[in-house]
Amino acid sequence: MLDKLINERASEGWELATYDYMATAIQIKGAFVVTFRKEKA
């Protein structure tokens, strides 16, 4: 799912800047924080 998101944004001209996994205190759920950047034309 993450690869699909990155590939979709790349096809729109976005560049992956950073990504990180943020776990919760109980380690059952977590989330990815994905940051993209795009130069202004």
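Rules used throughout
Residues numbered from 1 in each chain as written. Predicted model: local features only at pLDDT ≥ 70, side-chain atom pairs only at ≥ 80, totals over all residues. Heavy atoms only, no water. pLDDT = per-residue confidence, 0-100. Helix = DSSP H or I, 4+ residues; strand = E, 2+ residues; numbered from the N terminus. Salt bridge = Lys/Arg side-chain N within 4 Å of Asp/Glu carboxyl O. Phe/Tyr/Trp six-rings, centres within 6.5 Å; stacked < 30°, edge-to-face > 60°. Buried < 20%, exposed > 50% of the residue type's maximum accessible area, 1.4 Å probe, protein only.

Trainee: Just to check I follow, could you spell out the confidence of the model for the chain for this structure?
Mentor: Detailed conclusions should not be drawn from predicted coordinates in areas where pLDDT is low. Here the chain averages 87 in pLDDT, and 95% of its residues register 70 or above. In the model of the chain, strand β2 (residues 30–37) stands out as the element of lowest mean pLDDT, 88, in contrast to helix α1 (residues 2–11), which has the highest, 91.

Trainee: Quick question: what am I supposed to make of the pattern of salt bridges here?
Mentor: Opposite charge on two side chains lets them pair, provided their charged atoms get close. For the coordinates displayed, the defined rule picks out four salt bridges. A salt bridge links Glu12 to Arg9, with the shortest nitrogen-to-oxygen separation between them at 3.9 Å. In this structure, Arg37 engages Glu15 in a salt bridge whose closest nitrogen and oxygen atoms are separated by 3.1 Å. In this pair, Arg37 is assigned in strand β2 and Glu15 in strand β1 (residues 15–23), connecting sequence segments 22 residues apart.

Trainee: What is the right way to read the packing of aromatic side chains from this model?
Mentor: What characterises a pair of aromatic rings is the spacing of the ring centres plus the angle enclosed by the ring planes. Applying the stated criterion across every chain yields a total of one aromatic pair. Here Tyr21 and Phe32 contribute two aromatic rings whose centre-to-centre distance is 5.2 Å and whose plane-to-plane angle is 65°, an arrangement assigned as edge-to-face. Of this pair, Tyr21 sits in strand β1 while Phe32 sits in strand β2, and the two are 11 residues apart along the sequence. Judged by relative accessible area, Tyr21 falls into the partly exposed class, the value being 44%.

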